Amino acid sequence: MSGREEDLVCRKDNYSTSSADFEYASENEVEEQTILGNLPGTVRNTTFKAASRERSDGSEVLSSSPESPVTTETQELQELQKQRGEMSPKAAQEEILAQIQRLQLKLTELREVDNTSSVGSHHSQLNTSSSGHSLHRQNLESSVRDTICQQSETGETLISTNSAKVGPKLLVVSNRLPVTVTKDNNGAYHFNMSSGGLVSALKGVKSLMPFLWIGWPGTEIDPNERDYVRNKLREGYSCFPVFITDEQANLYYNGFCNDVLWPLFHYVPLPIVSSDGERKFDFKYWQAYSAANYRFAEAVLQVYQEGDYIWVQDYHLLLLPSLLRRRLRDVKIGFFLHIPFPTSEVYRIIPVRKELLQGVLAADLIGFHTYDYARHFLSVCTRILGLDSSPKGVNYHSHFAHVGIFPIGIDPNTFHRALEDANVQQRIQELHERFMGKKVLLGVDRLDYIKGVPHKLLALEWLLTKYSEWMHKVVLVQIAVPTRTEIEEYKKLSSQTNELVGRINGKFGTVDHSPIMFINQSLAFEELVALYTVADVAIVSSVRDGMNLVSYEYVMCQQANKGVLILSEFAGSAQSLSGAIRVNPWNVEELANAIHEALSMPRREREIKHWKLYRYVWLEVFEFVFLMIYVSSYVTTHTAEYWAKSFFQELDNVVKHRDELRLSLPLLNVKSVIKRISIARTRLFLLEYEGSLCHPKSLAELNSPTSTHIKILTRLCSDPRNIIVVISGRSKTILDNWFG
Ligand SMILES: O=P(O)(O)OC[C@H]1O[C@H](O[C@H]2O[C@H](CO)[C@@H](O)[C@H](O)[C@H]2O)[C@H](O)[C@@H](O)[C@@H]1O
Ligand SMILES: O=c1ccn([C@@H]2O[C@H](COP(=O)(O)OP(=O)(O)O)[C@@H](O)[C@H]2O)c(=O)[nH]1
């Protein structure tokens, strides 16, 4: 671990409630604050200070001539070096690093100037082989870069990749980049673009404005190779990497994200100690999580320009909105949670429950897949932070975090295209022949304990026992994609599942037939589409699932076959897919009965059910042309693209509204209020009991006012000019007892 990374790990003793808090402060105060109260270290503060100063002073940067700023900066640097003797080593380091950051920004500006005068060059990446640069410029660049390399503790150059200001862009921030970076044995890097849900979802947003994707490349990159990887990602994929060491990633991603947040958000309170006797909730996980969120914030600030929109994705980055808000007061931040938000009774288990809420509440818009998740979130904010909330959102330190429901979908066109592909059709044909005379049940899951794979296997066992007519006539094809294999619970699940598969196949299998075809690897997309198409029944038995895209994908591929979807009521998609047979996967018998019902269902009933499902996933206009005469192309409902566009539009809307709110509700000036009160002939005091007179965090029904409160109220009441109204949700009897 390098010095810088050590620096990023926060100290346990500094861990405090205020860490993720983002109370507004004056500009000066903001400059003085550390970005994360519990993260010590000079590099962080300096980087942020420099970034925000420079950006709030865009005119200075833009008016700089190509030569002068660097000279000025160099002089400043020399001046600083002189002063260093008078400064504490920490302060001197901070100042030097701040200077470096400024130099980087100046350097970027120089390249912008250079680019505007060189035909055909639009990007200003740090590229020493660029032939368009003059010798002078190259020398300048390398000398600046040398300075940076000498000063940077990681050896990594902190390049600002700001491009010329051409209007706002969307910065999408997610834990993983949609590009997988790998290094082969010869040391060559490979970049593979993934085609996951978010990638297709953002296609629509792309047409609204340019975007840049910020995230972890999924592997540790050697500090000397980071510039190369960064440039490749930026130029080839519109991505900007957040570099995290494997050790940090293990604590942050495997530890806090996937062994603390993931289980609890999915209602799985894991044992307090692991099998090796280690505490499950270890503060080092939390520290790594905070440090990683800090890293992401740092990356965002390197590319952020005023007016940009930032869209943070998922539970890995709950602290990020507040980290950004502290530095960029008016920044437009959206946050979307892809997994369930649990009820307060579960959420409150998390030892850092307040910090996480405070972190995310700095967003302007917080999105969830379902109404229930949003409702849980609002109630948690009230119960745990004692905040006022309404169905629209939460008020937190004069900032209103809007809450909205945006159910994600899939990209139907990708499936349509695949289904038209000759190879896929060929494969469908082969599979039909392979499963001739049998009914195919299909499960497609990551091998995660939330997916309820054992529940499904037990239900199949029950089916084959109770409805023995299906024996030898049914096959369950279960795709179980290995995931998070380093985590103990996942290892346990894998061995349990293997045992169950072995047991059931042993019990009901013959030489010619195994009831379960267990595929413990991920499949190529075309193979998956072919399987979706031939399956008579798909079973989604998740014990909790944010949404579950597999259920939608199955529906898309069943236009011919009209297969039946069995869907756990605990999957987010169950809230919208009314054509599915909904089950409680914990009731194994009920699940087995549902499989029997699906296998026996007549074609007509299947058609009706399928239509209900399909029209949710994707409506085509010709089917509604007489009803919706104003619509001239596809009516897309609940697709991935619609999800992204509607979230983004709502974000845009709420930030505009935010400004209106600010104008209409200016903060009162305490001095002038006192002055006015003292001269007023009649004064009306409206006092809310909860939140004003009693402690805001208290919800106890019998939390009576203190003697101080009573004294103050009595004094106020003794002045005939005062009218005092106490507003409370408590019963009249209680209020009479207290104030009567
Ligand atoms: O394998 P990971 O990188 O750890 O991530 C796991 C999956 O997380 C996301 O899934 C969640 O979002 C889906 C879309 O909103 C939702 O349908 C699902 O219920 C959630 O669990 C991510 O989208 C997947 O690609 C990851 O595999
Ligand atoms: O071998 C496979 C199996 C599944 N998937 C994809 O993985 C996603 C699973 O998403 P879902 O929301 O159902 O659950 P998650 O795994 O995100 O929790 C779906 O888009 C599947 O098409 C895949 O790419 N390869």
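Residues numbered from 1 in each chain as written. Chains lettered and ligands numbered in written order. Predicted model: local features only at pLDDT ≥ 70, side-chain atom pairs only at ≥ 80, totals over all residues. Heavy atoms only, no water.

S.K.: I keep staring at the packing of helix α21 (residues 549-556) against helix α23 (residues 603-617) and nothing clicks. Help me out?
M.R.: For the pair α21 and α23, interaxial distance at closest approach is 9 Å and the crossing angle is 115°. As far as their axial angle goes, α23 and α21 are roughly perpendicular. For the pair α21 and α23, the sense of crossing is left-handed. Together, Tyr552, Val555 and Met556 of α21 and His610, Leu613, Tyr614, Tyr616 and Val617 of α23 make up the contact between the two elements. (Axes fitted to C-alpha atoms, helices over the stretch in contact; angles between N-to-C directions. Helix = DSSP H or I, 4+ residues; strand = E, 2+ residues; numbered from the N terminus. Parallel < 35°, antiparallel > 145°, perpendicular 65-115°, else oblique. Left-handed = near helix turned anticlockwise from the far one by under 90°. Contact = heavy atoms within 4.5 Å.)

S.K.: Which parts of the structure should I look at to understand the sheet that holds strand β8 (residues 365-368)?
M.R.: Two orientations exist for strands paired in a sheet by backbone hydrogen bonds: parallel and antiparallel. Sheet architecture is open: nine strands sit in the order β5-β4-β1-β6-β7-β8-β11-β10-β9, paired in mixed fashion. The sheet is open, and its two borders are formed by β5 (239-241) and β9 (389-390), each paired with just one other strand. Across four bridges, strand β10 (residues 393-396) lies against strand β11 (residues 399-405) in antiparallel orientation. Bridge assignment links Val394 to a residue of β11, and that residue is Ala401. (Pairing = 2+ DSSP bridges.)

S.K.: Is there a simple way to think about the packing of aromatic side chains in this case?
M.R.: Each pair of aromatic rings is reported with the distance of its centres and the angle of its planes. Applying the stated criterion across every chain yields a total of 27 aromatic pairs. When the ring of Phe281 is compared with that of Phe283, the centres are 5.2 Å apart and the planes differ by 90°; the resulting orientation is edge-to-face. Under the relative-accessibility criterion, Phe281 is labelled buried at 10%. With 5.1 Å between their ring centres and 65° between their planes, Phe406 and Phe647 make a pair best called edge-to-face. Taken together, the residues span a long stretch of sequence, with Phe406 in the loop between β11 and α16 (412-420) and Phe647 in helix α24 (residues 640-664) at a distance of 241 residues. Side by side, Phe406 and Phe647 carry an identical accessibility label, which is buried. An aromatic cluster of at least three residues, connected via ring pairs, comprises Tyr252, Phe256, Phe281, Phe283, Trp286, Tyr289 and Phe296. Positioned over the ring face of Tyr309 is Lys332, at 4.1 Å from the centre of the ring. (Phe/Tyr/Trp six-rings, centres within 6.5 Å; stacked < 30°, edge-to-face > 60°. Buried < 20%, exposed > 50% of the residue type's maximum accessible area, 1.4 Å probe, protein only. Lys NZ or Arg CZ within 6 Å of the ring centre and 35° of its normal.)

S.K.: For this particular structure, what's the right way to read the side chain of Asp282?
M.R.: Tracing the chain through its elements places Asp282 in the loop between α10 (246-265) and α11 (283-303). Residue classification places Asp282 among the buried positions, given a relative accessible area of 16%. A distance of 3.0 Å separates a polar atom in the side chain of Asp282 from a polar atom in the side chain of Lys284. (Polar contact = N/O pair within 3.5 Å; in protein donor to acceptor, adjacent residues only side chain to side chain.)

S.K.: Got a minute to help me understand the nonpolar core in this structure?
M.R.: Across soluble globular proteins, nonpolar side chains have a tendency to be buried as a group. Residues Leu356 and Phe377 are the most contacted members of the largest nonpolar core, which totals 110 residues. A total of 13 residues in this core trace back to one element, the largest contributor, which is α11. Formed jointly, this core draws a minimum of three residues from each of two domains, domain 1 (170-405) and domain 2 (412-617). Membership of the second largest hydrophobic core comes to 74 residues, among which are Val205, Leu419, Ile479 and Leu613. (Core = buried A, V, L, I, M, F, W, Y, C linked by side-chain atoms within 4.5 Å. Domains from an automatic or database assignment.)

S.K.: Sorry if this is basic, but what is going on with a negative patch on the surface here?
M.R.: Taken together, the side chains of Glu220, Asp222, Asp246 and Glu247 present a region of like negative charge at the surface. The topology assignment puts Glu220 in the loop between β4 (211-216) and α9 (226-237). By relative accessible area, Glu220 is classed as partly exposed at 35%. (Patch = residues over 30% accessible without salt bridge, like charges linked within 9 Å, V, L, I, M, F, W, Y side chains within 5 Å. Areas by Shrake-Rupley, 256 points an atom, 1.4 Å probe, with all protein chains shown as cover. Salt bridge = Lys/Arg side-chain N within 4 Å of Asp/Glu carboxyl O. Lys, Arg positive; Asp, Glu negative; His and termini not counted. Charge placed at Lys NZ, Arg CZ, Asp CG, Glu CD.)

S.K.: What should I look at first to understand the site of ligand 1 in this one?
M.R.: Surveying the vicinity of ligand 1 reveals 13 residues, the closest of which are Tyr253, His338, Arg484, Asp545 and Met547. One of the side-chain nitrogen or oxygen atoms of Arg446 is found 3.5 Å away from an oxygen atom of ligand 1. Here an oxygen atom of ligand 1 sits 2.9 Å away from a polar atom, N or O, in the main chain of Met547. With the chains in place, 74% of the 550 Å² that ligand 1 exposes on its own is no longer accessible. In terms of residue class, the shell around ligand 1 is built from five nonpolar, four polar and four charged. In terms of domain composition, the shell around ligand 1 takes at least three residues from each of domain 1 (170-405) and domain 2 (412-617). (Near = heavy atom within 4 Å. Nonpolar A, V, L, I, M, F, W, Y, C, P; charged D, E, K, R; others polar.)

S.K.: Teacher, can you tell me more about the pairing of β11 here?
M.R.: If a strand is regular, its side chains alternate between the two faces of the sheet. When you tally the buried positions in β11, you get five out of seven residues, the bulk of the element. In this structure, β8 lies alongside β11, joined through four bridges in parallel fashion. Paired with Ile366 across the two strands is Val403, which belongs to β11. The antiparallel pairing of β10 with β11 creates a hairpin that spans two residues between the two strands, and His397 there sits at a positive phi of about 50°.

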